[in-house]
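# Coordinate inspection notes
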Amino acid sequence: MRDLGAGFGYLVKGQRWVTGHGRSLGVGLLPGLVTLVLYAAALTGLGYGADDFVDWATPFADGWSSPWLSLFRGFLTALVFAMGLFLAVITFTAVTLLVGQPFYEKLSEDVDRAESGGEAPESGLPLWRELWISARDSVRVLTRVVLYGVLLFALGFLPVVGQTVVPAIGFCVSGFFLTEELTAVALQRRRVELADRLALLRTRRLLVLGFGVPLTLAFLVPFVAVFLMPGAVAGATLMVRDLLDETADSRPEPESAPMGGSTAGRSAAPPTGVRSGRRPRPGSRRGRAGSPRRPRGAVRRPGARGRARCRRGPSRRRGRAAA
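On a predicted model such as this, the values are computed, not experimentally measured, just so you know.

Calculation criteria
Residues numbered from 1 in each chain as written. Predicted model: local features only at pLDDT ≥ 70, side-chain atom pairs only at ≥ 80, totals over all residues. Heavy atoms only, no water. 1 Å grid on protein atoms, 1.4 Å probe; cavity = no way out; pocket = protein on both sides within 12 Å on 5 of 7 lines; lining within 4 Å. Points joined across faces, edges and corners; volume = space filled by probe spheres on them. Helix = DSSP H or I, 4+ residues; strand = E, 2+ residues; numbered from the N terminus. Nonpolar A, V, L, I, M, F, W, Y, C, P; charged D, E, K, R; others polar. Patch = residues over 30% accessible without salt bridge, like charges linked within 9 Å, V, L, I, M, F, W, Y side chains within 5 Å. Areas by Shrake-Rupley, 256 points an atom, 1.4 Å probe, with all protein chains shown as cover. Salt bridge = Lys/Arg side-chain N within 4 Å of Asp/Glu carboxyl O. Lys, Arg positive; Asp, Glu negative; His and termini not counted. Charge placed at Lys NZ, Arg CZ, Asp CG, Glu CD. Expected span 1.5 Å × (residues − 1). Buried < 20%, exposed > 50% of the residue type's maximum accessible area, 1.4 Å probe, protein only. Contact = heavy atoms within 4.5 Å.

## Overview of empty space enclosed by the protein
- On inspection of all chains with the given rule, the structure shows one cavity of 30 Å³ or more.
- Approximately 90 Å³ is the volume found for the largest cavity.
- The set of elements that each furnish at least two residues to the lining of the largest cavity consists of α5 (127–155) and α6 (161–189).
- With five residues, the top contributor of residues to the lining of the largest cavity is α6.
- Across the lining of the largest cavity, the residue classes break down as four nonpolar, four polar and four charged.

Put into structure tokens, the structure is as follows:
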């Protein structure tokens, strides 16, 4: 359960990050505003032309009596507009990320540089290649979302469960795939494919749901998605660094050079018990590697030189006495 709070924490951290970097916030708002204008124009045109489309698609109902004809075509008109609104909601994030691919990629790189001390991974691919990969993966994700949507729509007709459990599962599914779309900005720069991205997110499902479900609920409010999108991309980048163990604590610290200059060109410190610049004598204790130390209190045997002194000692003393 701790991962749920951690996922929501990354969402809050992303919003704080872009708030503290006003330039990144301004750049990140542009794709959302452009996409919002396009979707608003498309939905306005659909609202005006939905009834004409229904009239064209149902010529068999022209001979129906007045109440049934208006009710039938009015229901179909509302259904067409509702489907268009549903498609707009589930595709807004993917289209916004596709339109703002250069902007959000720059925002994600800025987050990586700020967190890693100036370094950011790069894909090395041209822009057209990145756009193609993003569009291809978005279509694959939307296909999965539609399949889950059809299944959950059918389960919604079950009594009690369809009105309680199924909507909660639907929000979890939407939050998971919304998180996948947002983390794809940072993971594509690391050359992580869609299948590997999904497998990575499944390893921390509670973390992903803690990030994606609140964001999905917030995106249901009109115009909120535009202002939360830059912070969502920044928070997703921070979460990717956690999933890939690229946090600041995991970076290796540089070795500190000793006082007096760099360590380059210097020899390593000698082993313990061996003085620098001297080679141990073959007969000494330091020269015999692996030999056990003499226990305290044991009698020390004289070496070769000691035995020679012992043999020469008495002859010298006899000579002195004779003199």
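Read on, since the account is not over.
## Points about a positive patch on the surface
- On the surface, R140, R144, R202 and R205 cluster together into a patch of positive charge.
- With respect to the element layout, R205 can be found in helix α8 (residues 205–219).

## Some thoughts on helix α4 (residues 101–116)
- With 16 residues, α4 extends 22 Å from end C-alpha to end C-alpha; this agrees with the ideal 22 Å at 1.5 Å per step.
- For α4, the complete set of buried residues consists of Q101, Y104, E105, L107, S108, E109, D110, V111, D112 and S116.
- Buried residues belonging to α4 abut α1 (2–20), α2 (22–57), α3 (66–99), α5, α6 and α9 (224–243).
- Just downstream of α4, G117 is the residue with a positive phi angle, here 80°.

Keep in mind these values describe shape, not function.
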